[in-house]
Amino acid sequence: MIALVDCNNFYCSCERVFNPLLRDKPVVVLSNNDGCVVARSNEVKAMGIKMGTPLYQIRNILEANNVAVFSSNYNLYGDMSRRVMMLLSEFTPELTQYSIDEAFLDLSGFGEGEKLVSYGRKIVKTIGKGTGIPVTMGIAPTKTLAKVASRYGKKYKGYGGVCIIDTEDKRIKALQGFEIGEVWGIGHRSLDKLRYYGINTALDFTQKSESFVRKLLTITGVRTWKELRGESCIDVEELPQKKSICTSRSFPDSGLSELSSLEEAVANFTSECVRKLRMQHSCCTEITVFAYTSRFRLDLPQHCINRTIHLQVPTNDLQELVSTAVRALRMDFRKEGGYLYKKAGVIAWNIVPDSAIQTNLFDTIDREKQSRLAAAIDAINRKNGHNTIKVAVQGTTGKSWHLKCEHISKQYTTNLDDVIIVK
DNA sequence: TCTGGGGTCCTAGGACCC
DNA sequence: TCTGGGGTCCTAGGACCC
């Protein structure tokens, strides 16, 4: 049996841990730039506010209902996630973290039926007590069914945080009351197609033939279909190495028009990609820079920059990648035309381990020297903080492109100055 | 006025090989 | 007039996830 552990309203719950007065109050957490709603407490869900709603559309409702509003605080959420995962790993040797707030646990060998449920309740209780984060567990023979079970666990308090689908009877009942669009793996495109054929519930879907599903939704649809029928076939693996690394941001207000501001932003995004590359001990062979105007502002002139540069030798060198990215930006940047770039980003791909670099006969860079320099910079930054030493084009103020985050909470668990004082 | 960020996987079609 | 067969690899775009 497989268990899915899912933190309830994770970002909101993190804020509540350090602000207990909010425990029964409505809470929302916003995306970067305070743009959209990305997490809602149950009270806010009950108000009918949808995931992804832009803040400006619901500002009045939030104020009228006294909703606590937070900018996203990823240092806090990341650290709380680490704590949850650490506690979970004490209950089974087979744990796969699936996202910041979810993990799959292999519970084979831990009994069945009531015994399994009570083990699950013990896990849920331990996480709640140890971190302050409420979690729900769904248990079933497949991952997709475990997801279904956890939804029921969240919906009905009576389950005590753990819902199990372990008999054919329960499976049929669960799928009968489950909208097909809510199933893990069925997005809005597939939903449209399924609706056309009158398929509304997960049970309807499982009663179609394999060839029908294959034709309509390809192999991925068939996997979901099998999983819902109880045949396990989706593997979620801990990815040893990322295949692409991206850092991108939207800019506040209307966006940026000056090349120098964009250069500074792109340089910093590249620096962040380099940090991620080095953290997983890899190099990239290709780097893409993109920047575009707001797709919502059809009244303004539109332009899209998207330039990829292929590197001779795989690298994770800060100076080399920053100068390459800035060069890519300059190739496509348009000064004339009054373009306001609203979003930009950098993607590193073609990623290889840093231990297996294929060198190039015509390479002109002294890589030995560069890597000694990079190691020295790493050491200084590790000791004095990220970006203590950086490339000049990264700038020193960041004013022109920095994010809006007017409602951010403190770094309660990652900054000594912000640790809560108990009186 | 104001609309997030970071990933993976699959498929079709083109280019190329012998 | 009439132009093969069987592959691989790469890429862009689509779909999905949280």
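As shown above, the structure is provided for reference.
In this text, all values refer to a predicted model and were calculated from it rather than measured experimentally.

Visitor: Explanation requested: the sheet that holds strand 11 (residues 304-315) in the structure shown.
Guide: Hydrogen bonds along the backbone pair up the strands of a sheet, which may run parallel or antiparallel. Taken in spatial order, the 4 strands make up an open sheet running 9-12-10-11, and their pairing is antiparallel. Two strands close off the open sheet at either side, each with one partner strand: strand 9 (244-250) and strand 11. Taken over all neighbouring pairs, the strand axes of this sheet differ in orientation by 10° on average, direction set aside. Direction of pairing for strand 9 relative to strand 12 (residues 341-353): antiparallel, over a ladder of 7 bridges. In the strand pairing of strand 12, Ser248 is matched with Gly345. The strands touched by helix 12 (residues 318-332) within the sheet are strand 10 (282-293) and strand 11, with strand 11 carrying the most contacts at an inclination of about 150°.

Visitor: Looking at this model, I keep getting lost on the pattern of salt bridges. Mind explaining?
Guide: Opposite charge on two side chains allows them to pair when their charged atoms are near. For the structure on display, the rule yields 17 salt bridges. The residue Glu168 makes a salt bridge to Arg171 at a minimum N-O spacing of 2.8 Å. Note that Glu168 and Arg171 are positioned in helix 7 (residues 168-176) at a spacing of 3 residues, about one turn of the helix. The exposure class of Glu168 is partly exposed, given its relative accessible area of 48%. When its relative accessible area of 12% is taken as the criterion, Arg171 is described as buried. Across the pair Glu368 and Arg372 runs a salt bridge, and its minimum N-O distance is 3.4 Å. Of the two residues, Glu368 and Arg372 both sit in helix 13 (residues 367-384), 4 residues apart, roughly one turn of that helix. One network of salt bridges, in which partners are shared, links Asp79, Arg82 and Arg83.

Visitor: Teacher, can you tell me more about the sheet that holds strand 2 (residues 27-30) here?
Guide: Read across the sheet, 3 strands follow the order 3-2-4 without closing on themselves; strand pairing throughout is mixed. Sheet topology places strand 3 (37-40) and strand 4 (68-70) at the edges, where each strand pairs with a single neighbour. Across this sheet, the average inter-strand angle for adjacent strands is 25°, counted without regard to direction. The sheet contact formed by strand 2 and strand 3 spans 3 bridges and is antiparallel. What sits directly across from Leu30, in strand 3, is Val37.

Visitor: I'm lost on the packing of helix 11 (residues 259-279) against helix 12 in this one. Help?
Guide: Where helix 11 contacts helix 12, the axes come no closer than 9 Å and their chain directions differ by 140°. Compared by their axis directions, helix 11 and helix 12 come out oblique. Here helix 11 runs over helix 12; the crossing is right-handed. For the pair helix 11 and helix 12, the contacting residues are Leu259, Leu262, Glu263, Val266, Ala267, Thr270, Ser271, Val274 and Leu277 in the first and Leu318, Leu321, Val322, Ala325, Val326, Leu329 and Arg330 in the second. Within the contact of helix 11 with helix 12, the residues separate by chemical class into 12 nonpolar, 2 polar and 2 charged.

Rules behind the numbers
- Residues numbered from 1 in each chain as written.
- Chains lettered and ligands numbered in written order.
- Predicted model: local features only at pLDDT ≥ 70, side-chain atom pairs only at ≥ 80, totals over all residues.
- Heavy atoms only, no water.
- Pairing = 2+ DSSP bridges.
- Helix = DSSP H or I, 4+ residues; strand = E, 2+ residues; numbered from the N terminus.
- Axes fitted to C-alpha atoms, helices over the stretch in contact; angles between N-to-C directions.
- Contact = heavy atoms within 4.5 Å.
- Salt bridge = Lys/Arg side-chain N within 4 Å of Asp/Glu carboxyl O.
- Buried < 20%, exposed > 50% of the residue type's maximum accessible area, 1.4 Å probe, protein only.
- Parallel < 35°, antiparallel > 145°, perpendicular 65-115°, else oblique.
- Left-handed = near helix turned anticlockwise from the far one by under 90°.
- Nonpolar A, V, L, I, M, F, W, Y, C, P; charged D, E, K, R; others polar.

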